[in-house]
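# Remarks on the overall topology
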Amino acid sequence: EDHNFYGAGLICQARYMPEPINKVAVIAEGAEVVHLLTTPTHPADTLRINVSMRHHTAYKNHKVLAMTEITGQDICVTSSTLGPLGPHFLSLWDLPTEEERASGGQFLPVLIHRVTTNMPQDSLHYSERAGRLYTTCKTSGALTIWDVEGNAVEEGPEDRFDLHFSSISAIEELRRWGKDSNFLLLGSMDGTMGIWCMERSEKSFFKTLPAHEYGVHLLRASWPFKTLFSAGVKSSKVDQWCEVHVWEMDNEVGVRDRMLGVLTGLEAQVTGIEIVEDEAHVIVADKTGTFCVFDIVT
């Protein structure tokens, strides 16, 4: 089924941020703002803007590029830029929880830390297992690793690594039960997915899989269902960037070579993939703000 909940223009990223945040976050295309939307409790309800994070420096608006949450905390990380030549930023925000709003303790997002980066950070992923933030730039094959300590973010001892044959456009972590390390899955603008074994002492390349002809735009994994979802970048072939590829995950090789299937039904570029594991659903958002719900099991 599909619903159009968001009517405030085109969006370039949609992401559900779980408890304690419990909000759908959307980035309006080309805008300086991240909107946090209340989650509907009934299919007939609509997503409403609850609060917003506005990005500006000395009254100059930023363009927001990406966002992610710090797992288990009411902290959100965003990346933004003032233009192709910079400066570029990573920002940490303290978001109000429902309990804080109800008690009158905090009503609005609070900017708690901001650092300048040497290149725009187009993809963000927080690793709960490693306690690190991974960021990448589409025009570079480098992965930057950041320490997140308290209310600050700093480049960690591993700093920056050139990990891919081409630019990196998406990041996802693949958990490995019973192993000392996780796999890091990197989507590239050359259309491939590269699997890396991430250890504290060593980063080793594992294998590459062809995924989307014109580049990988999004990656989202569900370990309970051993399923990975990937979406491609916008191209002249509309059907290739409106669909989501479904892959089987494996504890030993990360992702198997064979696709399980394709999710179709959207009419614009996919901008978000979220998995509701307790209901066995995957929710796919597109650029127009349409959200399609698919049953993972079938």
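Refer to the structure above for everything that follows.
One structure accompanies this document, and this report is about it. Remember, it's a predicted structure, so these values are computed and weren't measured experimentally.

### Here's the deal with the overall build of the chain
Within the chain one finds 2 helices and 26 strands. Considering the chain as a whole, with its 298 residues, one finds that 55% of them fall into the buried category. Taking contacts inside the chain between residues at least 6 apart in sequence as the whole, the part at least 24 apart equals 44%. Of the roughly 13,400 Å² that the chain leaves accessible, carbon and sulfur atoms contribute 50%.

### Describing the side chain of T117
Turning to its location among the elements, T117 is positioned in strand β11 (residues 110–117). From its side chain, T117 meets the backbone oxygen of M119 in a polar contact 2.8 Å long. Among residues more than four places away in sequence, those in contact with T117 are H88, F89, L90 and W146.

### What to know about the sheet that holds strand β21 (residues 227–232)
Strands sit in the order β20-β21-β22-β23 across an open sheet of 4 strands; the sheet is antiparallel. Each edge of the open sheet is held by one strand with a lone partner, namely β20 (216–222) and β23 (254–263). Across the sheet, the axes of successive neighbouring strands diverge by a mean angle of 25°, strand direction being ignored. Examined bridge by bridge, strand β22 (residues 244–250) and β23 share 6 bridges and lie antiparallel to one another. Directly across from V244, in β23, lies its bridge partner L263.

### Things to note about the packing of aromatic side chains
Here a ring pair, both rings aromatic, is described through the centre-centre distance and the interplanar angle of the planes. This model, assessed by the stated rule, comprises 0 aromatic pairs. In this structure, R114 packs its charged tip against the face of F89, placed 5.7 Å from the ring centre.

### Here we look at the pairing of β22
β22 sits mainly inside the fold: 6 of its 7 residues count as buried. Sheet topology places β21 next to β22; 5 bridges connect them, and they run antiparallel. By the bridge assignment, A231 is partnered in β22 with V244.

### Regarding the sheet that holds strand β16 (residues 168–174)
With antiparallel pairing, the 4 strands of this open sheet are ordered in space as β16-β17-β18-β19. Of all strands in the sheet, those bounded by a partner on one side alone are β16 and β19 (203–210). Each strand axis lies, on average, 25° off the axis of its neighbour in the sheet, ignoring direction. Bridge count for strand β18 (residues 192–198) against β19 is 7 bridges, and the pairing is antiparallel. Among the inter-strand pairings, M193 is bridged to a residue of β19, identified as L209.

### Side note on unusual backbone geometry
The linkage connecting E19 with the following residue, P20, adopts the cis geometry, with an omega of 5°. Among the secondary structure elements, P20 is positioned in the loop between β2 (11–17) and β3 (23–28). Residue P87 is bonded to the preceding G86 through a cis peptide linkage, with omega at 0°. When you line up the elements, P87 lands in the loop between β9 (75–81) and β10 (88–94). The phi angle at N22 is positive, at roughly 55°, despite the residue not being glycine. In this fold, N22 is placed in the loop between β2 and β3. Notably, K226 is not glycine yet its phi reads approximately 50°, a positive angle. With respect to the element layout, K226 can be found in the loop between β20 and β21.

### A word on the pattern of salt bridges
Evaluated as defined, the whole model comprises 6 salt bridges. Salt-bridge contacts for D257 lead to K207; the nearest nitrogen and oxygen are separated by 3.0 Å. A residue pair is termed long-range when its members are at least 10 positions apart, and D257 in strand β23 and K207 in strand β19 qualify at 50 residues. Residue R256 is joined to E248 by a salt bridge in which the shortest nitrogen-to-oxygen separation is 3.7 Å. The partly exposed category is assigned to R256, whose relative accessible area is 37%. Beyond isolated ion pairs, a larger network of salt bridges with shared partners links E248, D250 and R256.

Calculation rules
- The numbering scheme is per chain: residues are counted from 1 as the chain's sequence reads.
- Only residues with pLDDT of at least 70 get local features here, since the model is predicted, and only at 80 or more are side-chain atom pairs given and counted; chain-wide, interface and lining totals rely on the full set of residues.
- Side-chain measures here rest on the full set of heavy atoms in the structure, leaving out hydrogens and waters.
- Helix and strand assignments come from DSSP, with helices taken as H or I runs of at least 4 residues and strands as E runs of at least 2, each series counted from the N terminus.
- Under the scheme applied here, a residue whose accessible area is under 20% of the maximum for its type counts as buried, over 50% as exposed, and between as partly exposed, the area being computed with a 1.4 Å probe on protein chains only.
- Throughout, a contact is declared for two residues whenever any of their heavy atoms are within 4.5 Å.
- For accessible areas, the Shrake-Rupley method is used with a probe of radius 1.4 Å. Any residue's cover is judged against the shown protein chains and nothing else.
- Pairing of N or O atoms within 3.5 Å defines a polar contact, subject to two protein rules: one partner must be a possible hydrogen donor and the other a possible acceptor, and residues neighboring in sequence count only if both atoms are side-chain atoms.
- One bridge is not enough; two strands pair if DSSP finds at least two bridges between them.
- Lines fitted to C-alpha atoms define the axes here, with helix axes fitted over just the stretch in contact, and angles between the N-to-C directions of these axes take values from 0 to 180 degrees.
- The criterion for an aromatic pair is that two Phe, Tyr or Trp rings (for Trp, the six-membered ring) have centres within 6.5 Å, with stacked assigned to planes under 30 degrees apart, edge-to-face to planes over 60 apart and tilted to the rest.
- Geometrically, a lysine NZ or arginine CZ counts as sitting over a ring once it is within 6 Å of the ring centre and also within 35 degrees of the ring normal.
- Here, a salt bridge means any side-chain nitrogen of Lys or Arg that lies within 4 Å of a carboxyl oxygen of Asp or Glu.

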